[in-house]
Amino acid sequence: MAEVRIGIIGTGVMGSDHAAILAEGVANARLVAVQDFSRERAISVAGQLGVRVIAEADALIGDPEVDAVMVCSPDETHAALALKAIAAGKPVLVEKPLASSLPEAEEIIRAEEKAGRRLVQVGFMRRFDPGYREMKQALNTGEFGRALFLHCIHRNAVAPDYLTSDLVIANSAGHEFDIARFLLDEEIVSAYVASPPATRNAPNRQPQFILLQTASGVVVDIEVFTDAQYGYDVRAELVCEDGTVALDPSPHTSLRVKGNDGFRTPADWRPRFRQAYRAQLEAWTAGILSGAPTGASAFDGFMAMQVTKACLQAWKSGERVAVAQHEKPALYRV
């Protein structure tokens, strides 16, 4: 196989963005087809990019001219489509979350184990962001000593009306859960959540402050504020015994200004992580061709969901909650 022919299911914000990046040119990859429950939307994207529209998701997965599938459809469809791709023997990149429930995620893991190879990658693109990768490399050198704290900030300008206080945790914080596991290379074992009052700009939901602890004792704090007004702002600082490593606060095109300090941020996440999305696609397709997949596995997606579950329980109870631990299946240890 000289290139990977890709079909995208779901042409909303994420699907159309992935389609545009592929159309611009990604090594070893070519977009060939799209599908969406809104045929008009699919036709619009396909017309702009010169690819086929396939009417049904099942038909796209089964199409002999589609080598690999991207699932960018609504969250509740992810598990079923991933399972169909596994059954068809086709690699599939699933936008987070992996599934809508833990039993669904476990079913995906069992299906991959039965297939005898990794076919699923979860779209945790921050693993491919240059800043986070440099942070991980710095920690791995040992120059800064052991990690002690990981401080994370995740702010959006304005969240959609449907987002509730629990969805701030379940929907918005997932990338932080995964990147903490990736950077520290260990599992999160406990969670606690504190909620400040709702703001006047979003009285129907509260910002959330999440406190996690890893198996070795590293403390991870995450501020998730989805109505910060000034723009999209992601920050991280890793505090170690002998120094700290932090993300560049403005590695993206400047679009908005916060207050009077001149710090500029984009309106949403796409400019900030466009390079990461491209790198993710390049690594995914290279892994398909080489037979050595990289990126977040189905098990990583499953464990991010376990952290989410513990955080939701902690938010409701006001208590610290243990994160359920699971032995990593042999398929994912390579």
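What counts and how
Residues numbered from 1 in each chain as written. Predicted model: local features only at pLDDT ≥ 70, side-chain atom pairs only at ≥ 80, totals over all residues. Heavy atoms only, no water. Salt bridge = Lys/Arg side-chain N within 4 Å of Asp/Glu carboxyl O. Helix = DSSP H or I, 4+ residues; strand = E, 2+ residues; numbered from the N terminus. Buried < 20%, exposed > 50% of the residue type's maximum accessible area, 1.4 Å probe, protein only. Expected span 1.5 Å × (residues − 1). Polar contact = N/O pair within 3.5 Å; in protein donor to acceptor, adjacent residues only side chain to side chain. Core = buried A, V, L, I, M, F, W, Y, C linked by side-chain atoms within 4.5 Å. Contact = heavy atoms within 4.5 Å. Pairing = 2+ DSSP bridges. Axes fitted to C-alpha atoms, helices over the stretch in contact; angles between N-to-C directions. Disulfide = S-S within 2.5 Å. pLDDT = per-residue confidence, 0-100.

Novice: Explanation requested: the pattern of salt bridges in the structure shown.
Specialist: Two side chains with opposite charge may pair up if their charged atoms get near one another. Taken as a whole and assessed by the stated rule, the structure comprises 20 salt bridges. When the shortest N-O distance is used, the salt bridge between Asp-227 and Arg-205 registers 2.7 Å. Linking Asp-227 in the loop between strand 10 (219-225) and strand 11 (233-240) with Arg-205 in the loop between strand 8 (188-194) and strand 9 (208-214), this pair joins segments that are 22 residues apart in sequence. The residues Asp-227 and Arg-205 share a single accessibility class, namely buried. It is possible to trace a salt-bridge network through shared partners that takes in Arg-127, Asp-178, Arg-181, Glu-187 and Asp-300.

Novice: When you look at unusual backbone geometry in this model, what are you seeing that I'm missing?
Specialist: Across residues other than glycine, the phi torsion is negative in most instances, and most of the peptide bonds are trans. In this structure, Pro-97 follows Lys-96 across a cis peptide bond, with omega equal to 0 degrees. For Pro-97, the location among the structural elements is in the loop between strand 5 (92-94) and helix 5 (102-115). Here the phi dihedral of Asp-185 falls at roughly 55 degrees; this positive angle occurs in a residue that is not glycine. For Asp-185, the position within the fold is in the loop between helix 8 (174-184) and strand 8. The exposure class of Asp-185 is exposed, given its relative accessible area of 64%. Here Gln-229, not a glycine, exhibits a phi torsion of approximately 75 degrees, which is positive. Locating Gln-229 in the fold gives a position in the loop between strand 10 and strand 11. Gln-229 sits in the partly exposed class, given a relative accessible area of 36%.

Novice: How should helix 10 (residues 298-317) be read in this particular structure?
Specialist: Helical geometry: 3.6 residues make up each α-helical turn, so side chains three or four residues apart lie on a common side. Spanning 20 residues, helix 10 covers 29 Å between terminal C-alpha atoms, matching the ideal 28 Å at 1.5 Å per step. Buried residues dominate helix 10, accounting for 15 of its 20 residues. For helix 10, the side-chain oxygen to backbone nitrogen distance between the N-cap and Phe-299 is 3.2 Å, and the N-cap itself is Ser-297. At the C-terminal side of helix 10, Gly-318 shows a positive phi close to 75 degrees.

Novice: Can you walk me through the nonpolar core in this structure?
Specialist: Considering soluble globular proteins, one finds that nonpolar side chains tend to be buried as a cluster. If you look at the biggest cluster of nonpolar residues, it comprises 67 residues, and the most contacted ones within it are Ile-210 and Leu-212. Element by element, the count of residues in this core is highest for helix 8, at 6 residues. Excluding anything up to four places from it in sequence, Leu-212 contacts Phe-177, Ile-188, Ser-190, Ala-191, Val-218, Val-219, Val-220, Ile-222, Val-307 and Cys-311. Among the nonpolar cores identified, the runner-up in size contains 35 residues, and Ile-9, Ile-61, Leu-102 and Ala-296 belong to it.

Novice: Looking at this structure, how should I read the sheet that holds strand 15 (residues 321-322)?
Specialist: Adjacent strands of a sheet pair through backbone hydrogen bonds, lying either parallel or antiparallel. Taken together, the 7 strands give an open sheet; going across it, the order is 12-11-7-10-9-8-15, and neighbouring strands pair in mixed fashion. Each edge of the open sheet carries a strand with a single partner, namely strand 12 (243-246) and strand 15. Bridge analysis of strand 7 (residues 147-155) against strand 11 gives 8 bridges, and the strand direction is antiparallel. By the bridge assignment for strand 11, His-151 is matched with Glu-237. Across the sheet, helix 6 (residues 130-141) touches strand 7, strand 11 and strand 12, and the angle it forms with strand 11 is around 5 degrees. Running at roughly 155 degrees to strand 7, helix 8 makes contact with strand 7, strand 8, strand 9, strand 10 and strand 11 of the sheet.

Novice: Looking at this structure, how should I read the state of the cysteines?
Specialist: In a disulfide, the sulfur atoms of two cysteines are held together by a covalent bond. Across all of its chains, the model carries 0 disulfides by this definition. Between Cys-152, a free cysteine, and Cys-311, which holds the nearest cysteine sulfur, the sulfur-to-sulfur gap is 12 Å. Looking at Cys-152, the relative accessible area reads 2%, which means it is buried. No disulfide involves Cys-240; its sulfur sits 13 Å from that of Cys-152, the nearest cysteine.

Novice: How should I be thinking about the side chain of Glu-176 in this particular structure?
Specialist: Looking at the element boundaries, Glu-176 is found in helix 8. For Glu-176, the side chain forms a polar contact with the side chain of His-154, separated by 3.0 Å.

Novice: Hey, could you run me through the confidence of the model for the chain in this one?
Specialist: Interpretation of the predicted coordinates at a detailed level should be avoided for regions scoring low in pLDDT. Confidence in the prediction of the chain, expressed as mean pLDDT, is 93, and 94% of residues score 70 or more. In this model residues 253-260 is a low-confidence stretch, pLDDT under 50, and it forms 21 contacts with partners more than four residues away in sequence or in other chains.

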